[in-house]
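Chains, contacts and geometry: an overview
The primary structure of each chain is shown beneath.
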Amino acid sequence: WGLNSSNQTSVPSTLGFCTNISAGGAHVLAIKLDGTLAAWGSTASGQTTIPASIGICKEVAAGSSHSLAIRSGGTGDGLVVGWGSNGSGQTSIPTSLGTCSLISAGGAHSVALTTGGAVRCWGLNTSGQTNVPTTLGIENCFRITWCFRITGKQLKLAMSVWDPSNTNSEPQ
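Residues numbered from 1 in each chain as written. Predicted model: local features only at pLDDT ≥ 70, side-chain atom pairs only at ≥ 80, totals over all residues. Heavy atoms only, no water.

**Structural notes on the overall build of the chain**
Counting secondary structure elements, the chain contains 0 helices and 11 strands. Element order for the chain, N to C, with α for helix and β for strand: β-β-β-β-β-β-β-β-β-β-β. The 172 residues of the chain split such that 35% are buried. A fraction of 35% describes how many contacts in the chain between residues 6 or more apart in sequence connect residues 24 or more apart. Of the roughly 9,500 Å² of accessible surface on the chain, 54% is carried by carbon and sulfur atoms. (Helix = DSSP H or I, 4+ residues; strand = E, 2+ residues; numbered from the N terminus. Buried < 20%, exposed > 50% of the residue type's maximum accessible area, 1.4 Å probe, protein only. Contact = heavy atoms within 4.5 Å. Areas by Shrake-Rupley, 256 points an atom, 1.4 Å probe, with all protein chains shown as cover.)

**A closer look at the pattern of salt bridges**
For the coordinates displayed, the defined rule picks out 1 salt bridge. A salt bridge links D77 to K58; the shortest N-O distance between them is 3.0 Å. One end of the pair, D77, is in the loop between β5 (66-71) and β6 (80-84); the other, K58, is in strand β4 (residues 57-62), with 19 residues separating them in the sequence. (Salt bridge = Lys/Arg side-chain N within 4 Å of Asp/Glu carboxyl O.)

**Describing the sheet that holds β6**
As summarised here, the arrangement of the 3 strands in space is β4-β5-β6, forming an open sheet in which the pairing is antiparallel. Both outer strands of the open sheet, β4 and β6, are each paired with one neighbouring strand and no more. Looking at each pair of strands side by side, their axes are set apart by 20° on average, direction ignored. Pairing of β4 with β5, which is carried by 5 bridges, proceeds in the antiparallel orientation. (Pairing = 2+ DSSP bridges. Axes fitted to C-alpha atoms, helices over the stretch in contact; angles between N-to-C directions.)

**A word on the sheet that holds strand β8 (residues 109-114)**
Sheet strands pair by backbone hydrogen bonding; their relative direction is either parallel or antiparallel. The sheet built from 3 strands is open, its strands ordered β7-β8-β9 with antiparallel pairing. Looking at which strands have only one partner, the edges of the open sheet turn out to be β7 (100-105) and β9 (119-123). Taking the axes of each pair of neighbouring strands and ignoring which way they run, one obtains an average angle of 20° across the sheet. Both β8 and β9 contribute to a ladder of 5 bridges, which runs antiparallel. Each bridged residue has a counterpart across the sheet, and for A112 the counterpart in β9 is R120.

**Notes on the pairing of β4**
Burial runs high along β4: 5 of the 6 residues are buried. Linking β4 back to β5 in an antiparallel pair, the connection comprises 3 residues.

**Comments concerning the side chain of S65**
By the element assignment, S65 lies in the loop between β4 and β5. In contact with S65, not counting residues within four places along its chain, are H27, S45, Q47, G84, S85 and G107.

**Here we look at the pairing of β8**
The buried count for β8 comes to 5 of 6 residues, which makes it a mostly enclosed element. Across 5 bridges, β7 lies against β8 in antiparallel orientation. Bridge pairing in β8 links L102 to L113. Here β8 hands over to β9 after 4 residues, with G117 in that stretch at a positive phi of 95°.

**Concerning the confidence of the model for the chain**
Residue-level pLDDT values for the chain average 82, and 77% of them are 70 or greater. The model gives residues 139-151 a pLDDT under 50, and that stretch makes 40 contacts with residues more than four places away or in other chains. The model gives residues 154-164 a pLDDT under 50, and that stretch makes 40 contacts with residues more than four places away or in other chains. (pLDDT = per-residue confidence, 0-100.)

**Describing the side chain of S67**
Along the polypeptide, S67 turns up in strand β5. Residue S67 is classed as buried on the basis of its relative accessible area of 0%. Only 3.1 Å separates the side chain of S67 from the side chain of H27, close enough to count as a polar contact. In this structure the side chain of S67 is engaged in a polar contact, spanning 2.7 Å, whose partner is the backbone oxygen of Q47. Sequence-distant contacts of S67, defined by excluding residues within four places in its chain, comprise H27, L29, Q47, A61, V81, G82, W83 and T91. (Polar contact = N/O pair within 3.5 Å; in protein donor to acceptor, adjacent residues only side chain to side chain.)

What follows is the structure in structure tokens.
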């Protein structure tokens, strides 16, 4: 539903089940059950042209006209890949970023939560959107995942929380 000027609301009939999805300005990214990516909608800036070398992914984020993914498995596990518009450096992944557990894509900036619990931002900073508050601290960075399942007339809800400051904790 919503504006469909670039077929961004026209879900491909071959998509199947997905584990993750993100809507951008006029495009959508999804991770299929096998970990491969699907993208549809506007490709004006290459945001739906998935890099051939990306492989299996565990997280995706769609920005205004750029895309991000976190690779899964192998030597690239946890590494962030970006493509699409890069006019403000939003797909220029910092070389010192390291491995990440979460990503988010804004209008022309990108944000990642490293596996060590640090928040890192890059891209357009005209309004301070890439200035991470020094008071944020690792103790304030948590991943909350909601899982819904409808069975018959019941809605079942589960929640898991990942605390990156707990070295015995793993993201779920």
